[in-house]
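Residue-level structural notes
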Amino acid sequence: MAILLTIQEKQDEIVSEFEVFDDWMEKYEYLIDLGKDLPLIQEELKTEERLIEGCQSRVWLNADFNDGKMQFSADSEAIITKGIIGLLIRVLNDEHPETILKTDLKFISDIGLQEHLSPTRANGLNGMIKKMKMEALKYIQH
Amino acid sequence: MTEIIKKPFNVREIREEFPALRQEIYGKNLIYFDNGATSQKPQIVLNAINKFYSKENANIHRGVHFMSQKATTEFEEARKKIQHFINARKAEEIIFTKGTTDGINLVASSYGELLTAGDEILITAMEHHSNIVPWQMLCQRKGLILRVAPINFKGELIEEEFDKLLSKKTKLLAITHISNTLGTINPVKELTQKAHAVGAKVLLDGAQSIQHMKIDVKDLDCDFYVFSSHKLFGPTGIGVLYGKEDLLDRMPPYQGGGDMISRVTFEHTSYNELPFKFEAGTPHIAGGICLGTSVGFLNSIDLDGAQKHEGELTKYAEHLLDTFEGLHIIGEAKNKTSVISFTVDGIHPFDIGTLLDKHGIAVRTGHHCTQPLMDFYKIPGTTRASFAFYNTKEEIDLFVEALEKSINMLK
């Protein structure tokens, strides 16, 4: 049986996975592989409402709420962005909306990818994280 | 006029003048191939900026004191240098703006006031957003019609179609001299003649041509020519609108404020003469003076040799890129400048740009502010390498090597 990790443990796990890489090239190769493996969002879900317009590449995000937990699926035109999305989904999926809102996604800077979250990067990632949190906010139990 | 004998162009020597080129990015020597976006600055321009703010900073055109007089003289001397650089008839025809976009907006707002509903403006399918949106806004405001001359897949204007769109109703042809995305050099002298034959005025967007070829506005006979200083090795935030004097005289002021007036009462204001009529407020004084420095720098080098070098770089890069499977060069006009835009099958330009950056190589990716052009080619964007005279064949070798590695990673 799979052991359920906390959101912090999932972040720590990614950080230690990235520690083995000696240089940027290995890191990006890994991200690109992740991007290739990420299950695509279903084509019919790639709607205007799910689109996050980046200046350079577009991102689609779908959010569901089941049994008190969030489920995300997403896609991007750019494979490196998609790899980072894969990491974000791994951390945030199956979490309660409250946990998602509270969490500082520190792992991104810990693995040296903070430049991808810069608002000027124009890859839609920043907008995607905002949207993931907005979606979680919808399901907060009052 | 006596021709000054210049030292033949030498890329090694030129590179020495540009300190920004001597730096490492992620531990690799910087390879700067984003010159279409902006150019690096020579030491002489950096020194001039420092000198102005260290010793000469004063407001111009109004002070009786020494520093103000000196700054005014230098600013107006810069205007004259620019006048001679583009061979304008008079210094009054040189209007300082914030840049190319600002110059186009000035013409759209001011010359646009002379137009009436039903008049037509002709642009082309390869324009930068800056040469589309101001005209769309003007058309909405004044009930004008915007016509768009189509291009072929090589990225060349289809002249028969252009001829059909040009008519007595056309009041302005606003066209890019060189496409920022495709590198296409448009036959603007010939197109200007055609436009003038139907009574239309001509605005040339010179953002990509001023740094790559000798511009002679008298010979081109265009009515307006606009460019940005920062693409011409000068500071950002300053640019030039050249306009024929009689036309500028007929145009109403663009913005109101200081410097552009001759007499103000609460009942009535009379306007200053050219060029000040179009220069409301304190201008970018240091910018203007240092653009003059940049023009002086260009006058001191063998520009013919520099252009030849740029042409060789482009041919060399295109030749190497031709061997890449699945790589398509977007923009294959017969007459083009040192811009190479390309796509690679199955790979998004953003990913290529991200990996090249890790190799210390600066290229531009995306739609290059030409979304209608991307729609025409049915692509989300391109990767664009744009060269300046300070780039080298060795840099292109390293770029091609890094590109190959990047594509292999992304495949």
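None of these values were measured; they are calculated from a predicted model.

1. So, the overall build of chain B
What chain B contains, in helices and strands, is 14 helices and 17 strands. Radius of gyration (C-alpha) of chain B: 22 Å, near the 22 Å computed for a compact globule of 411 residues. For chain B, the spread of C-alpha atoms along the principal axes amounts to about 70 × 55 × 40 Å. A total of 411 residues make up chain B; the buried ones form 55% of that total.

2. Observations regarding the pattern of salt bridges
Opposite charge on two side chains allows them to pair when their charged atoms are near. Applying the stated criterion to the full structure yields 32 salt bridges over all chains. Two residues, Arg-90 of chain A and Glu-17 of chain A, come together in a salt bridge whose shortest N-O distance is 2.6 Å. Here Arg-90 of chain A is found in helix α3 (residues 79-92), whereas its partner Glu-17 of chain A is found in helix α1 (residues 7-19), with 73 residues between them in sequence. Overall, Glu-17 of chain A belongs to the partly exposed group, its relative accessible area being 25%. A salt bridge links Arg-147 of chain B to Glu-120 of chain B; the shortest N-O distance between them is 3.1 Å. Residue Arg-147 of chain B is found in strand β6 (residues 145-149), and its partner Glu-120 of chain B is found in strand β5 (residues 120-124); the two are separated by 27 residues along the sequence.

3. Things to note about the domain arrangement of chain B
All names here are of chain B. Domain annotation of chain B identifies domain 1 (11-37 + 302-410) and domain 2 (47-299). Inter-centroid distance (C-alpha atoms) of domain 1 to domain 2 is 28 Å. Our count for the domain 1 to domain 2 interface comes out at 0 salt bridges. Our enumeration of links across domain 1 and domain 2 arrives at 19 residue pairs in polar contact (both at pLDDT 80 or more). Of all the elements in the fold, those that place two or more residues in the side of domain 1 that touches domain 2 are α11 (303-321), β14 (339-344) and α13 (371-377). It is α13 that provides the largest number of residues to the side of domain 1 that touches domain 2, a total of 6 residues.

4. Some thoughts on the interface of chain A and chain B
Facing 18 residues of chain A, the contacting portion of chain B comprises 16 residues. Between chain A and chain B the total buried area reaches about 1,600 Å² when both faces are included, carbon and sulfur atoms providing 62% of it. Counting across the chain A and chain B interface gives 0 salt bridges. Our count for the chain A to chain B interface comes out at 4 residue pairs in polar contact (both at pLDDT 80 or more). Mapped by element, the contributors of at least two residues to the side of chain A that touches chain B are α2 (24-37) and α3 of chain A. Broken down by element, the side of chain A that touches chain B gets its largest block of residues, 6 residues, from α2 of chain A.

5. Some details on unusual backbone geometry
Residue and element names in this part refer to chain B. Of note, the bond from Leu-274 into Pro-275 is cis; its omega dihedral lies within 30 degrees of zero at -5°. Here the phi dihedral of Asn-87 falls at roughly 60°; this positive angle occurs in a residue that is not glycine. Of note, Asn-87 is situated in the loop between α3 (66-85) and β4 (94-97). Phi at Asp-221 is positive, roughly 65°, even though this residue is not glycine. Inspection of the secondary structure assignment puts Asp-221 in the loop between α8 (217-220) and β9 (224-228).

6. Points about empty space enclosed by the protein
Residue and element names in this part refer to chain B. In total, this model carries 1 cavity of 30 Å³ or more according to the counting rule given. Each pocket or cavity is described by its volume, and for the largest cavity that value is around 40 Å³. Both domains that furnish three or more residues to the lining of the largest cavity are identified here as domain 1 (11-37 + 302-410) and domain 2 (47-299).

7. Some remarks on the environment of Phe-75 of chain B
Residues and elements named next belong to chain B. Relative to the elements of secondary structure, Phe-75 occurs in helix α3. Along the sequence, Phe-75 and Gln-40 sit 35 residues apart, while their C-alpha atoms lie 22 Å from each other. When neighbours within four sequence positions are excluded, Phe-75 is seen to be in contact with Ile-60, His-61, Phe-96, Glu-279, Pro-283, His-284, Ile-285, Gly-288 and Ile-289.

8. What to know about the nonpolar core
Formed by 64 residues in total, the largest nonpolar core has its most connected members in Phe-107 and Met-128 of chain A together with Leu-321, Phe-399 and Leu-403 of chain B. Per-element tally for this core: the top contributor is α3 of chain A, with 9 residues. With residues up to four places along the chain from it excluded, the contact list for Phe-107 of chain A reads Gln-11, Ile-14, Val-15, Leu-87, Leu-88 and Val-91 of chain A. Among the nonpolar cores identified, the runner-up in size contains 63 residues, and Leu-122, Leu-173, Phe-227 and Leu-373 of chain B belong to it.

9. Focus on the side chain of Ser-76 of chain A
Residues and elements named next belong to chain A. Among the structural elements, Ser-76 can be located in strand β3 (residues 69-76). In this structure the side chain of Ser-76 is engaged in a polar contact, spanning 3.0 Å, whose partner is the backbone nitrogen of Ala-78. Not counting residues up to four positions away in its chain, the partners in contact with Ser-76 are Ser-57, Arg-58, Val-59, Thr-81, Lys-82 and Ile-85.

10. Some details on the sheet that holds β3 of chain A
Residues and elements named next belong to chain A. One open sheet accounts for 3 strands, arranged β1-β2-β3; its pairing is antiparallel. Only two strands of the sheet have a single partner each, and these edge strands are β1 (51-52) and β3. Against the sheet, α3 engages β2 (59-66) and β3, with an angle of about 175° to β3.

Definitions and limits used
- Residues numbered from 1 in each chain as written.
- Chains lettered and ligands numbered in written order.
- Predicted model: local features only at pLDDT ≥ 70, side-chain atom pairs only at ≥ 80, totals over all residues.
- Heavy atoms only, no water.
- Helix = DSSP H or I, 4+ residues; strand = E, 2+ residues; numbered from the N terminus.
- Rg over C-alpha atoms; globule rule 2.2 N^0.38 Å.
- Buried < 20%, exposed > 50% of the residue type's maximum accessible area, 1.4 Å probe, protein only.
- Salt bridge = Lys/Arg side-chain N within 4 Å of Asp/Glu carboxyl O.
- Domains from an automatic or database assignment.
- Polar contact = N/O pair within 3.5 Å; in protein donor to acceptor, adjacent residues only side chain to side chain.
- Contact = heavy atoms within 4.5 Å.
- Buried area = accessible area lost by both parts, 1.4 Å probe.
- 1 Å grid on protein atoms, 1.4 Å probe; cavity = no way out; pocket = protein on both sides within 12 Å on 5 of 7 lines; lining within 4 Å.
- Points joined across faces, edges and corners; volume = space filled by probe spheres on them.
- Core = buried A, V, L, I, M, F, W, Y, C linked by side-chain atoms within 4.5 Å.
- Pairing = 2+ DSSP bridges.
- Axes fitted to C-alpha atoms, helices over the stretch in contact; angles between N-to-C directions.

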